[in-house]
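Secondary and tertiary structure notes
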Amino acid sequence: MRKSIAIVAFLVIFAFLAGAAVEMRPFGEPDQSAMDDHFLGDTQERHQVNNVVTAVLFDYRGLDTLGEATILFSAVSGVLTVLREIKKDEKEEEVATK
Amino acid sequence: MKYEMSRVVRTVTDILVVPIIIFGIYLIIHGHLTPGGGFQGGAVIASSTALLVIAYGSFGKHKKDLSSLESLGLTLFILLALIGMGSTMFYNYISGTGGLFGGTLPSLGINPGYINTGGTITLMNLMVGLEVSAALSLIIWMMSKRSGMMEPEETISPSEEVEK
Amino acid sequence: MSWESLLLMMPYITVVLLMVIGLFTVLFKKNLIKIIMGITIMQNGANLFLVSLAYRSGEYAPIFTSAESTDMVMPTPHALTLTSIVIGLATTALMLSFTIMIKRHYGSINTEDVRRCKE
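Residues numbered from 1 in each chain as written. Chains lettered and ligands numbered in written order. Predicted model: local features only at pLDDT ≥ 70, side-chain atom pairs only at ≥ 80, totals over all residues. Heavy atoms only, no water.

Let us look at unusual backbone geometry. Backbone geometry places Q48 of chain A, a non-glycine residue, at a positive phi of 55°. Note on placement: Q48 of chain A falls in the loop between α2 (34-47) and α3 (52-60). Phi is positive for F101 of chain B, which is not a glycine, with a value near 65°. Checked against the element boundaries, F101 of chain B lands in the loop between α3 (63-83) and α4 (120-146). (Helix = DSSP H or I, 4+ residues; strand = E, 2+ residues; numbered from the N terminus.)

In this assembly, 18 residues from chain C lie in contact with 20 residues from chain B. Roughly 1600 Å² is buried in total at the junction of chain C and chain B, and carbon and sulfur atoms are behind 69% of that figure. Per-residue buried area on chain C facing chain B is highest for T65, I100 and R104 of chain C; these three make up 34% of the total on that side. Where chain C packs against chain B, one counts zero salt bridges. One can count two residue pairs in polar contact (both at pLDDT 80 or more) joining chain C with chain B. (Contact = heavy atoms within 4.5 Å. Buried area = accessible area lost by both parts, 1.4 Å probe. Salt bridge = Lys/Arg side-chain N within 4 Å of Asp/Glu carboxyl O. Polar contact = N/O pair within 3.5 Å; in protein donor to acceptor, adjacent residues only side chain to side chain.)

A word on the environment of E4 of chain B. Residue and element names in this part refer to chain B. Tracing the sequence through the fold places E4 in the segment before α1 (7-29). Residues E4 and I139 lie 135 residues apart in sequence; the distance between their C-alpha atoms is 20 Å. With near-sequence residues (within four places) excluded, E4 lies in contact with R10, A55 and Y56.

Before going further, it helps to spend a moment on the side chain of T65 of chain A. Along the chain, T65 of chain A falls in helix α4 (residues 62-82). Under the relative-accessibility criterion, T65 of chain A is labelled buried at 1%. (Buried < 20%, exposed > 50% of the residue type's maximum accessible area, 1.4 Å probe, protein only.)

A word on a nonpolar patch on the surface. Residues and elements named next belong to chain B. There is a patch of nonpolar side chains on the surface, built from I21, I25, I29, I115 and L126 and spanning about 360 Å² of accessible area. The element best represented in the nonpolar patch is α1, accounting for three residues. Looking at where I25 falls in the secondary structure, it is placed in helix α1. (Patch = residues over 30% accessible without salt bridge, like charges linked within 9 Å, V, L, I, M, F, W, Y side chains within 5 Å. Areas by Shrake-Rupley, 256 points an atom, 1.4 Å probe, with all protein chains shown as cover.)

Following both chains from N to C, one finds α4 of chain A and helix α4 (residues 75-106) of chain C inclined at 10°, their axes separated by 9 Å at the closest point. On the basis of their axis angle, the class for α4 of chain A and α4 of chain C is roughly parallel. Two secondary-structure elements touch here, α4 of chain A through D64, E68, I71, L72, A75, G78, V79 and V82 of chain A and α4 of chain C through L80, L82, T83, V86, I87, A90, A93, L94, S97, F98 and M101 of chain C. Of the residues belonging to the contact of α4 of chain A with α4 of chain C, the class tally is 14 nonpolar, three polar and two charged. (Axes fitted to C-alpha atoms, helices over the stretch in contact; angles between N-to-C directions. Parallel < 35°, antiparallel > 145°, perpendicular 65-115°, else oblique. Nonpolar A, V, L, I, M, F, W, Y, C, P; charged D, E, K, R; others polar.)

Quick look at the packing of α2 of chain A against α4 of chain C now. Packed helices, taken two at a time, are described by their axes: the angle between them and the distance between them. One way to put it is that α2 of chain A packs onto α4 of chain C with a least axis distance of 8 Å and a crossing angle of 90°. Classified by the angle their axes make, α2 of chain A and α4 of chain C are roughly perpendicular. From α2 of chain A, M35, D36, F39 and L40 of chain A reach across to α4 of chain C, where they touch P75, T76 and P77 of chain C. Of the residues belonging to the contact of α2 of chain A with α4 of chain C, the class tally is five nonpolar, one polar and one charged.

With respect to the secondary-structure elements, T34 of chain B resides in the loop between α1 and α2 (38-56). Sequence spacing of T34 of chain B and L16 of chain B is 18 residues, and the spatial spacing of their C-alpha atoms is 23 Å. With residues near it in sequence (within four places) discarded, T34 of chain B still touches N51 of chain A, Y26 of chain B together with I63 and T65 of chain C.

Counting across every chain of the model gives eleven aromatic pairs over all chains. When the centroid spacing of 6.4 Å and the interplanar angle of 25° are considered together, the rings of F10 of chain A and F14 of chain A count as stacked. Taken together, the residues F10 of chain A and F14 of chain A, both in helix α1 (residues 2-23) and four residues apart, mark about one turn of the helix. Judged by its relative accessible area of 12%, F10 of chain A falls in the buried class. On the basis of an interplanar angle of 50° and a centroid distance of 5.0 Å, the ring pair of F24 of chain C and F28 of chain C is categorised as tilted. Here F24 of chain C pairs with F28 of chain C, and both are found in helix α2 (residues 10-28), just four residues apart, close to one helical turn. On the basis of relative accessible area, F24 of chain C is assigned to the partly exposed category, the value being 38%. Taking the relative accessible area as the measure of exposure, F28 of chain C reaches 17% and is therefore buried. Taken together through their ring pairs, the aromatic side chains of F10 and F14 of chain A together with F24 and F28 of chain C make up a single cluster. (Phe/Tyr/Trp six-rings, centres within 6.5 Å; stacked < 30°, edge-to-face > 60°.)

With that out of the way, let us pick up the interface of chain A and chain C. Counting residues at the interface gives 41 residues for chain A, matched by 42 residues for chain C. In total, about 3800 Å² of surface goes out of reach between chain A and chain C, with carbon and sulfur atoms giving 79% of it. At the surface where chain A touches chain C, the tally comes to one salt bridge. A salt bridge links R56 of chain C to D37 of chain A, with the nearest nitrogen and oxygen atoms 3.2 Å apart. Inspection of the chain A/chain C interface yields seven residue pairs in polar contact (both at pLDDT 80 or more). Secondary structure elements with two or more residues in the side of chain A that touches chain C: α1, α2, α3 and α4 of chain A. If one sorts the elements of the side of chain A that touches chain C by residue count, α1 of chain A sits on top with ten residues.

Worth remembering: the numbers are spatial, not functional.
This is how it looks when you write it as structure tokens:
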């Protein structure tokens, strides 16, 4: 039962993705690019920076980067919490209190 | 000795770690001129940690230092962003003012670029590089420790505690 | 649909293949490591989709230092892809450390075995 539901879901999603890929506009001809053209023309004058991707990353869309750095920080906190160490004497104390 | 690899691997590691770290620093400080930046350079620096861990099987007791570096990088990043709050967050208040990081490009359009331009973008590259290198080093260190690739200390994991 | 137009759509077809392979792995495999590999393949499909949306025919990377022309592809999707790569890395690290703990806790990384509750 579970397996048949999984197969049906897989086929439906595959059909939708394939249909979307066929209906996409041609590769290499994006539709709306006013914002990106503004970035390309404005970056050098305003930030004195040659790498436009860095300028978008750290200035125009800096809040995205802030969220990303926070996600990395919290992921490292999660890894350190999951894989933490418990010292032997602490563990004996915990067993004694139980 | 069980966790160390052979003398050949250790010697090559000793030779290669310094160029890897220098290449990472190059990627970080040229992040506003060439392909690269804080994230990529930080990942390259963290790969030297992976090399050390695999070759030697130990990394010393630098967990506190790495945690401090990571927190320092994130805090300085947020601080740099907040100083510009006079107009908007992440406002580039150093660019074009002259002095360190405040230089101007030789010309608009295609140009070779100078390294002391960019203002907060260059500084934020440095901060993010600090954070990412420390964070990925911590992840590699903890995971190789817990999966038995490094010599264990006198500790046990929480799950073993549950078993007993 | 001719072969040439199909060849022009090749990046989108590759995206669909990556997503479908990742989805198949997540749905039908029982090994936790394989499921994580499937999730990573899906992440790569999403990244490839973003980058291929940014491309404009015959133009250069948006870096002025050694470009040959100032006709450049769109920079914003590239920046978003960079964000997405780092987030994928963080979530993969978290998933792998959970897998390490599951292996220590249950002695197995098969989803059939780790389903029972611990008494």
